[in-house]
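# Remarks on the overall topology
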Amino acid sequence: MGLALYNTATRRKEPFRPLDPCHVRVYVCGPTVYDYAHIGNARTFVAFDLLNRVLRHQFERVTCVRNITDVDDKIITAANETGETIEQVTERTRRAFHEDMEALGLLHPDIEPRATDHIAEMIMMIGTLMDKGHAYEAEGHVMFAVASHDSYGSLSRRDREDMIAGARVEVAPYKRDPCDFVLWKPSTPEQPGWDSSWGRGRPGWHIECSAMSEKYLDVPFDIHGGGLDLTFPHHENELAQSTCAHDGGEFVKTWVHSGFVTVGGEKMSKSLGNFKTARELLADHPGEAIRLALLSTQYRQPFDWTDDGVRQAKTTLDRWYRAVGDTPPADTMPAGVMAALDDDLNTALAISEMHALADRALAGDKGAAANLRTAANLMGLLEGDAGSWFKGAAGDGDTARIEARIGERAAARRLRDYAEADRIRDELKEQGIELEDRPDGTTDWRKAG
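Predicted, not measured: the structure shown is a model, and the values here were computed from it.

Rules of the game
- Residues numbered from 1 in each chain as written.
- Predicted model: local features only at pLDDT ≥ 70, side-chain atom pairs only at ≥ 80, totals over all residues.
- Heavy atoms only, no water.
- Helix = DSSP H or I, 4+ residues; strand = E, 2+ residues; numbered from the N terminus.
- Buried < 20%, exposed > 50% of the residue type's maximum accessible area, 1.4 Å probe, protein only.
- Lys, Arg positive; Asp, Glu negative; His and termini not counted.
- Charge placed at Lys NZ, Arg CZ, Asp CG, Glu CD.
- Pairing = 2+ DSSP bridges.
- Right-handed = clockwise from strand over helix to strand, strands pointing away.
- Salt bridge = Lys/Arg side-chain N within 4 Å of Asp/Glu carboxyl O.
- Phe/Tyr/Trp six-rings, centres within 6.5 Å; stacked < 30°, edge-to-face > 60°.
- Lys NZ or Arg CZ within 6 Å of the ring centre and 35° of its normal.
- Axes fitted to C-alpha atoms, helices over the stretch in contact; angles between N-to-C directions.
- Parallel < 35°, antiparallel > 145°, perpendicular 65-115°, else oblique.
- Left-handed = near helix turned anticlockwise from the far one by under 90°.
- Contact = heavy atoms within 4.5 Å.
- Nonpolar A, V, L, I, M, F, W, Y, C, P; charged D, E, K, R; others polar.
- Core = buried A, V, L, I, M, F, W, Y, C linked by side-chain atoms within 4.5 Å.

## Notes on the overall build of the protein chain
Secondary structure assignment for the protein chain yields 16 helices and 15 strands. Considering only C-alpha atoms, the protein chain reaches an extent of 90 × 55 × 35 Å along its principal axes. Expressed as a percentage of the 449 residues in the protein chain, the buried residues total 52%. Charge-centre separation for the protein chain: the mean point of 53 positive side chains lies 4 Å from the mean point of 73 negative side chains.

Listed below in C-alpha cells is the structure:
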C-alpha cells in the first residue's frame, strides 16, 4: 500500500505521493541554539529521523533540510545572562545539539543551513512581500499584513481571538492589525544586525524558515515537519508569507507534526523541577534506550516521559540484543513491521511486531533474528554489536581496567588460587560487572542492569 502520513493541513491521513517520484524533499524546523535541547525537542527530532529513514528505504532520493536558528532574541538574552558573545553561545549550543542528537542515533541532515548565512535571501523575500502589498514598513519594522492573505489561519484552524491570544503578540501602535507579525525588526548598536533598505536590523523568526526552505528545496516541496507547538504561529506564518510571495502558489504538500511531551504526567517546566534536557538524560541512560522510549508511542500521540519508561526500553534492548547476537540483517524488511511504519509511522505496532520476532529468535529461529535486526536498523536501533551493548557505557579506561582484572583472575585460577579468583569476581560483581564463565575460562563480560 505504501506510506501514508497524517496531513495537519487537511486533518486526515493521506497516501504519500512525492511531487517528484524520484526526489523527496523534506524540511524540518531545527533548533534555536541558545540552550540544550530538551526531551520534547528530542522527541520531535527522533520522530523525523525515523521518517527520514523510512523515506530513504522507499524512495530513490531524499533531501532532508534541518535548519539552525542562530539569530533570535532568546540568543541575545542568553548571551547577556552568561556574559558570552552571541557567537560563543550559538557555537557552544550548536555543538552540544549535534553531540546529543548523534548519541540518540540521528542521521545528519543532508543540508543544515544557518539563518545568519541567509540574511540576503530573507531581505529579498521581504522586499517581494512589500512589492506585492502583503507587508508594510512601520517605525523601523516590516510587518506582514495578515488581512492581505484570505486563507490565514487555515493550517491551525484557529479563530481570530484564539490567534491573537495564541500568538502572544506585542501590543504596538504601529500595527495595522493585532495579528500582523514581524518580518524585520530594528537592532540597537549592541545587537546583531544587518543593513537593509529599512535600516539596520535582523529578521523575524518566521521569515527565516521560508527563505531557507525555498533556497534548498524550491516550492512547493513535499513535507514540512516540526513539533505540534509550531503549528501556530510559526508554521501558520510561514505558510502565509511563502504563499503570498508566490502569488498564492502551493508552499508545502504535507504538514507533519509530532505530539506534545509531558514528564511524569505534568507539563514540563523549570519551575516544577521536571525540565529534562537530552544531555542530562544521556548522562544517566544509553542514547539507544532513550530513542526506543521516545519511539514507543506513535509520533502524533501525546508522550509522557518517565524513568520507568526508559528503564523498560533498556530491558527491551537487552532482550533484543540477546536475540540477534551477531546475526547479520536480512535482505528484506519484515512485512508486519513495514506495514506498521507505513501506517503513519505506527511505531507502537512496529515494536509489537519486533517483540514477536525476538520471541522466535530467542527460541533459535535465525531467520527471525535477521529480520529483527533489519527492522531495528530501519528504526535506528540495534546498530551496534551485542558485545559492546552489554559492556554498557564503560569508557576505554574502564574497559582496560576491567579486562586487566579479568586477566588477573584468570592467572589466579591457573595457579589454583581460587580464593583470589573468587575475590576478584565478587569485586567486579559489586561494580555491576557480570562475567560469563565457561570451563575454558571467562569468555566475556557485561555491565549488569
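## Quick word on the pairing of strand β4 (residues 62–66)
Remember that side chains alternate between the two faces of the sheet whenever the strand is regular. Extensive coverage of β4 is indicated by the burial of five of its five residues. Here β4 shows no split at all, with Val62, Cys64 and Arg66 on one side and Thr63 and Val65 on the other all buried. Direction of pairing for strand β3 (residues 24–28) relative to β4: parallel, over a ladder of five bridges. Across the sheet, residue Val24 finds its bridge partner in β4, namely Val62. Where the polypeptide runs from β3 across helix α1 (residues 39–58) and back to β4, its parallel neighbour, the crossover connection is right-handed.

## Quick notes on the sheet that holds strand β13 (residues 303–305)
Spatially, the three strands line up as an open sheet ordered β12-β11-β13, and their pairing is mixed. Of all the strands in the sheet, just β12 (266–267) and β13 have a single pairing partner and so form its edges. Judged from the two bridges that link them, strand β11 (residues 261–263) and β12 form a sheet pairing that is antiparallel. In the strand pairing of β12, Thr262 is matched with Lys267.

## So, the pattern of salt bridges
Evaluation of the coordinates by the stated rule reveals 29 salt bridges. The salt bridge involving Lys13 is made with Asp343; its shortest N-O contact spans 2.7 Å. Residue Lys13 is located in strand β2 (residues 12–15), and its partner Asp343 is located in the loop between α11 (335–342) and α12 (347–362); the two are separated by 330 residues in the primary sequence. It is possible to trace a salt-bridge network through shared partners that takes in Arg405, Glu408, Glu420, Arg423 and Glu427.

## Overview of the packing of aromatic side chains
Here the structure, examined in full by the defined rule, presents nine aromatic pairs. A centroid spacing of 5.3 Å and a plane angle of 80° characterise the contact between Phe45 and Phe97, whose relative ring orientation is edge-to-face. One end of the pair, Phe45, is in helix α1; the other, Phe97, is in helix α3 (residues 86–103), with 52 residues separating them in the sequence. The burial state of Phe45 is the same as that of Phe97; both residues are buried. Seen from the ring of Tyr136, Arg176 lies directly overhead, with NZ or CZ sitting 3.9 Å from the centre. Cation over ring: Lys270 sits above Phe275, and NZ or CZ is 5.1 Å from the ring centre.

## Concerning the packing of helix α10 (residues 307–324) against helix α13 (residues 366–378)
Viewed as axis vectors pointing N to C, α10 and α13 meet at an angle of 130°, and their least axial separation amounts to 8 Å. Relative to α13, α10 is oriented oblique. Relative to α13, the crossing made by α10 is left-handed. Between α10 and α13, the contacting residues are Trp320, Ala323 and Val324 on the first element and Ala369, Leu372 and Arg373 on the second. Residues of the contact of α10 with α13, tallied by class, amount to five nonpolar, no polar and one charged.

## Quick notes on the sheet that holds strand β10 (residues 252–258)
Overall, parallel pairing links the four strands, which are arranged β4-β3-β9-β10 in an open sheet. Each edge of the open sheet carries a strand with a single partner, namely β4 and β10. Put simply, the sheet's adjacent strands are angled 20° from each other on average, direction ignored. Sheet strands in contact with helix α7 (residues 231–245) are β9 (221–227) and β10, and its direction is about 160° off that of β9.

## Description of the environment of Pro173
Of note, Pro173 is situated in the loop between α5 (160–167) and β7 (181–186). Between the C-alpha atom of Pro173 and that of Met1, which follows or precedes it by 172 residues, the distance is 54 Å.

## Topic: the nonpolar core
Ile39, Leu55, Trp305 and Trp320 are the most contacted members of the largest nonpolar core, which totals 71 residues. The element that contributes the greatest number of residues to this core is α1, accounting for ten residues. If we ignore the near neighbours within four places in the chain, the residues touching Trp305 are Ile39, Thr262, Val263, Gly264, Leu281, Ile290, Ala293, Leu294 and Val310. The next biggest cluster of nonpolar side chains, apart from the first, holds 37 residues, and it includes Val65, Trp184, Trp198 and Met212.

## What about the environment of Leu183?
Position of Leu183 relative to the elements: it lies in strand β7. For the pair formed by Leu183 and His141, sequence separation is 42 residues and the distance between their alpha carbons is 7.5 Å. The contact partners of Leu183, leaving out residues within four places of it in the chain, are Ile126, Leu129, Ala135, Val142, Met143, Phe144, Pro203, Gly204, Ile207 and Gln241.

Read these as layout, nothing more, since geometry by itself doesn't imply function.
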